[in-house]
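Working through the structure, step by step
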Amino acid sequence: MSGHPALAELRRRLLVQREAGLERKLTSIGPACGPWVTVRGRRCLLMASNDYLGLAGHPALALAAREALAQGCGSGASRLISGTLDGHRLLERDIAAFKGTEAALFLPTGFMTNLALISGLTAPGDLVLSDALNHASIVDACRLSRAGLRIYPHRDAAAAAAILAEERGPGLRLIVSDGVFSMDGDAAPLPELLAVAREHGALLLVDDAHATGVWGASGRGTAEHFGVTPGPELVLMGTFSKALGGLGGFVAGDRTIIDTLVQRARPFLYSTAPPPAQAAVAARALRLVDEEPERREHLRRLCARLREGMTAAGREPLSDSGPIVPLLVGDARQAVALAEALWQRGVFVPAVRPPTVPEGTSRLRFTLTAAHNEADVDAALNALNDAWREVMA
Ligand SMILES: *Cc1c(COP(=O)(O)O)cnc(C)c1O
């Protein structure tokens, strides 16, 4: 290792992080889709993936990708230069139909979609209201935007209303919330937030990365779950990277929103368009959500079984529905020790620690997918009971 002073300083910072029990590790997993994988040489049941519908390994998606590859691997340019292909336009039409909105836009990743959306819609003098537990991509998007920023307490629509009543500038106002929160698994109070947005003439941006494909009777997301019909003030964001088994982000909403992003959103403007195979996989996955509703039903039953098992053992998970089932541990080192003990028993579950979650709220984040079965859930519950006895005794 070099003795360069900057590198020595970086190594010192890494050591501080390690000594706090907060070092992160890249763990190789194979095969990609699970539910059975090999982790550090041990065969494990994967309960860490966001592939909620189990579509990542679906042969129909592989076929769609292979067919699209006949057009080439790359798209060659950004969307506004020469990168807009028929596959992008068709997919955007399908996304809008799926979400019940006027228009839609497809981007390479969900993270980038939030950067594009929030920085593209707002300007200096505008105001963004953001839930305290919003995803990192929203946090960074707010920094990128030069609008004012106010953080409201987690899921507190009344607090958001109070801020809007107090901040009476002429600028545009945007409330931003995860639809389902990634590390807590709970849902935003969508009807209340929408009422606040309507009352104050604000826009409401809902990040449905974890809800698209899973929440709502037909997998449309949190709006469907809550019976909310998209109106002009609702801007929906989602990803193809979780329940839809691929990669990519999208925005669905009023035509004016999409037109604005195409003109102003720099992460959209200055980055190469997604390859044709990525768009083809996304389009095929949207159709699978309708063609195979039994995946959603099966997943719901598994989630109920896992929650009941945890509760019966005296451990209440942080969320009461959906495939994200986090179990609060508190201490970061204990959370890591529990994850290690679970791995030794053949179950791979990540320990989530600060800064991903607030100090003192380290947790195990179990996620289920439609590729699991009842026996997998029971095996995980048994492993958890043993691991807990060993580590928390
Ligand atoms: C995963 C996630 C993103 C980012 O999506 P990617 O497609 O993985 O870049 C954005 N928002 C939320 C809430 C997420 O959980």
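Residues numbered from 1 in each chain as written. Predicted model: local features only at pLDDT ≥ 70, side-chain atom pairs only at ≥ 80, totals over all residues. Heavy atoms only, no water.

**Observations concerning the site of the ligand**
Of all residues adjacent to the ligand, which total 14 residues, the nearest are G110, F111, D207, H210 and K242. Here an oxygen atom of the ligand sits 2.8 Å away from a polar atom, N or O, in the main chain of G110. Contact distances for the ligand include 2.9 Å between an oxygen atom and a backbone N or O atom of F111. Burial of the ligand by the protein chains amounts to 86% of its free accessible area of 380 Å². (Near = heavy atom within 4 Å. Polar contact = N/O pair within 3.5 Å; in protein donor to acceptor, adjacent residues only side chain to side chain. Areas by Shrake-Rupley, 256 points an atom, 1.4 Å probe, with all protein chains shown as cover.)

**Some points on the sheet that holds strand β6 (residues 148-152)**
Across the sheet, seven strands lie side by side as β4-β10-β9-β8-β7-β5-β6; this open sheet has mixed pairing. Among the strands making up the open sheet, the edge pair consists of β4 (103-107) and β6. Ignoring which end each strand starts from, the neighbouring axes of this sheet average 20° apart. Looking at chain direction, strand β7 (residues 173-178) and strand β8 (residues 203-207) are connected through five bridges and run parallel. For L174, the partnering residue across the bridge sits in β8 and is L203. Sheet strands in contact with helix α5 (residues 110-121) are β4, β5 (127-131), β7, β8, β9 (234-239) and β10 (249-253), and its direction is about 155° off that of β9. Set on the sheet, helix α10 (residues 255-264) makes contact with β4, β8, β9 and β10; between it and β4 the angle comes to about 35°. (Pairing = 2+ DSSP bridges. Helix = DSSP H or I, 4+ residues; strand = E, 2+ residues; numbered from the N terminus. Axes fitted to C-alpha atoms, helices over the stretch in contact; angles between N-to-C directions. Contact = heavy atoms within 4.5 Å.)

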